[in-house]
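Inside the fold
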Amino acid sequence: MKERTMRHCDHFFELHQDLLPLKEKILTVCKVLLNVYCNGGKVLICGNGGSCADGDHIVGELMKGFLLKRPLNKEIKDQFEQYYGAEGALAAEKLQCGLPAISLNAHAALMSAFSNDVDPELVYAQQVMGYAIKGDAVIGISTAGNAANVAYALMAAKTVGAVPIALTGRDGGKIGKIADFSLIAPEEETYRIQEYHLAIYHLICAYVESEIFPC
């Protein structure tokens, strides 16, 4: 682990000492997602309501610079300039390296079609079947842990060889049992669980970014 990453982790657990009992599990999920990206994989995320918004939020932190700028490497910059001249060079200076992440909540036409034609509880699982391959990860977010559509998505993930990860609360619910790795916020109230989820996934995003990118 880089010294910078260690500082992120130390500072996080100084601020969130109530999450110290989850420290080992949180850092394990960080390492799992780092391994996914280092091996060319991607992350799929799903949830409902506030957890849907959290999924979009995670994608936003992964697909562009979060705490780091993530400039393109020289080879890519040179190709932009070679193909498109000064305009390409300008674009290359502004573009950033992304970590592939897809919010399964974002495809309204597909979700409404599948819900109408087949089964609304399987809308996320259908997307997992289409997107996920062995070595990817699927993060399911559910504060109570019992959202059926999220549970089916994690079932599909495990079936195709992707790593199923749960962000949940209370007793972990159904998804806490399905997932290979479960981060269960130590709370009962939905909004408090979501507050913990926000803190946890910000650390995860910071950890992965810090380990992958040089500056």
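Check the entry above for the structure.
Residues numbered from 1 in each chain as written. Predicted model: local features only at pLDDT ≥ 70, side-chain atom pairs only at ≥ 80, totals over all residues. Heavy atoms only, no water.

**A closer look at the pairing of strand β3 (residues 137–141)**
With five of its five residues buried, β3 lies for the most part within the structure. Every second residue of β3 is oriented toward a common face, with Ala-137, Ile-139 and Ile-141 on one face and Val-138 and Gly-140 on the other, all of them buried. Pairing of strand β1 (residues 43–47) with β3 involves five bridges; the strand directions are parallel. Residue pairing for β3: Ile-45 is matched across the bridge by Ile-139. (Buried < 20%, exposed > 50% of the residue type's maximum accessible area, 1.4 Å probe, protein only. Helix = DSSP H or I, 4+ residues; strand = E, 2+ residues; numbered from the N terminus. Pairing = 2+ DSSP bridges.)

**Things to note about the pattern of salt bridges**
Side chains bearing opposite charge may pair, as long as their charged atoms lie close to each other. Scanning the model with the defined rule gives eight salt bridges in all. Residues Glu-209 and Arg-70 are paired through a salt bridge, measuring 2.8 Å at the closest nitrogen-oxygen approach. Of this pair, Glu-209 sits in helix α9 (residues 190–212) while Arg-70 is found in the loop between α3 (50–63) and α4 (74–94), placing the two residues 139 residues apart along the sequence. Note on Glu-209: relative accessible area 1%, which makes it buried. For Lys-158, the salt bridge identified is with Asp-180, shortest N-O distance 2.4 Å. Of the two residues, Lys-158 sits in helix α7 (residues 148–160) while Asp-180 sits in the loop between α8 (173–178) and β5 (181–184), which places them 22 residues apart along the sequence. For Asp-180, a relative accessible area of 40% translates into the label partly exposed. What you see here is one network of salt bridges that share partners, running through Glu-187, Arg-192 and Glu-195. (Salt bridge = Lys/Arg side-chain N within 4 Å of Asp/Glu carboxyl O.)

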